[in-house]
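An overview of the molecular structure
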Amino acid sequence: MIVSVRGILEAVGPDWVHLQVGGISLQISVPGSDINDLGPTGGQVRLFTHLRIRDDQPVLYGFSSTHAMQLFLMLNSVSGVGPRLSLALLSSLGVSNLQQAIFNGDIASLSTAPGVGRRTAGRIALELKSKIDRSEEHTSELQSQAYLVCRPLLEKKKLLIT
């Protein structure tokens, strides 16, 4: 499995990039929302990736964060939603708005993505709401644990400053 690639950004399309990695250029499908964040062509880029075999042909999907990739994989777990619809949702809504729409059951927002109708949007909201809810709780729990670990250091630093 290819979990990430780092290389030079050679070309950019509406939903793909060409990345030169070790003398080989890869075409990687990416959400349109991530393309703007990659920087200019010729720059160094790192993408977290998911490799999928489609019609006996490997397709590499890339994301600027592991969080976006996990959301992509969750979307693909919904019946009737494949990589193209998942990319369309991420491109049109972005990670945080997409999570919020799923969590709130906002079918109108979900159905604004190209190719996503009301029925598919409803299925996404229904099947993923509990998964989004749990991941948010997990993030909150991790933040709390990080604060507890860092608190003594912050207090020491505060004593040094005052």
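What you are looking at is a predicted structure, and each value in this text was computed from that prediction instead of being measured. (Residues numbered from 1 in each chain as written. Predicted model: local features only at pLDDT ≥ 70, side-chain atom pairs only at ≥ 80, totals over all residues. Heavy atoms only, no water.)

Moving on to the side chain of His50. Here His50 is to be found in strand β4 (residues 44–54). On the accessibility criterion, His50 (17% relative accessible area) is buried. In this structure His50 touches Ile2, Val59, Leu60, Tyr61, Met69, Phe72 and Leu73, once residues within four positions along its chain are discounted. (Helix = DSSP H or I, 4+ residues; strand = E, 2+ residues; numbered from the N terminus. Buried < 20%, exposed > 50% of the residue type's maximum accessible area, 1.4 Å probe, protein only. Contact = heavy atoms within 4.5 Å.)

In this section: the layout of surface pockets. Computed from the structure, the largest pocket encloses a volume of approximately 430 Å³. For the largest pocket, the lining is made up of 20 residues, of which Gln27, Ser29, Val59, Leu60 and Tyr61 are closest to its centre. Of all elements in the fold, only β3 (24–29), β4, β5 (57–63) and α3 (83–104) reach the threshold of two or more residues within the lining of the largest pocket. In terms of residue count, the dominant contributor to the lining of the largest pocket is β5 (five residues). Taken together, the residues that form the lining of the largest pocket break down as twelve nonpolar, five polar and three charged. (1 Å grid on protein atoms, 1.4 Å probe; cavity = no way out; pocket = protein on both sides within 12 Å on 5 of 7 lines; lining within 4 Å. Points joined across faces, edges and corners; volume = space filled by probe spheres on them. Nonpolar A, V, L, I, M, F, W, Y, C, P; charged D, E, K, R; others polar.)

All right, on to the packing of aromatic side chains then. Counted by the stated rule, this structure contains two aromatic pairs. Pairing Tyr61 with Phe72 gives two aromatic rings, centres 5.2 Å apart and planes at 35°, and the pair type is tilted. Taken together, the residues span a long stretch of sequence, with Tyr61 in strand β5 and Phe72 in helix α2 (residues 66–76) at a distance of eleven residues. The buried category is assigned to Tyr61, whose relative accessible area is 3%. Ring centres of Phe63 and Phe72 lie 4.8 Å apart, and the angle between their planes is 45°; this geometry places the pair in the tilted category. Chaining the aromatic ring pairs together yields one cluster made of Tyr61, Phe63 and Phe72. (Phe/Tyr/Trp six-rings, centres within 6.5 Å; stacked < 30°, edge-to-face > 60°.)

Glancing now at the confidence of the model for the protein. Averaged over every residue, the pLDDT of the protein is 85; residues scoring 70 or more account for 81%. Here residues 134–144 scores under 50 on pLDDT; set against residues more than four positions off or in separate chains, the count is two contacts. (pLDDT = per-residue confidence, 0-100.)

Next up on the list: α3. An α-helix turns once per 3.6 residues; consequently, residues spaced three or four apart project the same way. Over its 22 residues, α3 extends only 23 Å from the first C-alpha to the last, a length that falls short of the 32 Å expected when each residue adds 1.5 Å. Residue Gly94 marks the point of greatest curvature in α3, where the axis turns by about 100°. Within two residues after α3, Gly105 carries a phi angle of roughly 65°, on the positive side. (Expected span 1.5 Å × (residues − 1). Bend = angle between axes of the 7 residues up to and from the residue.)

Strand order in the closed barrel formed by five strands is β1-β2-β3-β5-β4, with mixed pairing between adjacent strands. Taking each pair of neighbouring strands and ignoring which way they run, the sheet shows an average axis angle of 55°. As judged from the seven bridges shared by β4 and β5, these two strands associate in the antiparallel manner. Each residue of the ladder has a partner; that of His50, found in β5, is Tyr61. Against the sheet, α2 contacts β4 and β5, and its axis sits at roughly 15° relative to β4. Sheet strands touched by α3: β3, β4 and β5. Its angle to β5, the strand with the most contacts, is close to 20°. (Pairing = 2+ DSSP bridges. Axes fitted to C-alpha atoms, helices over the stretch in contact; angles between N-to-C directions.)

Another aspect to go through is the nonpolar core. Formed by 28 residues in total, the largest nonpolar core has its most connected members in Leu75, Leu89, Leu98, Ile102, Leu110 and Ile124. Elements represented by at least two residues in this core include exactly β5, α2, α3 and α5 (118–161). If sequence neighbours within four positions are ignored, Leu98 has contacts with Leu71, Leu75, Leu89, Leu90, Leu93 and Leu110. Judged by nonpolar contacts, the second largest core, of eleven residues, contains Val17, Val30, Leu38 and Val45. (Core = buried A, V, L, I, M, F, W, Y, C linked by side-chain atoms within 4.5 Å.)

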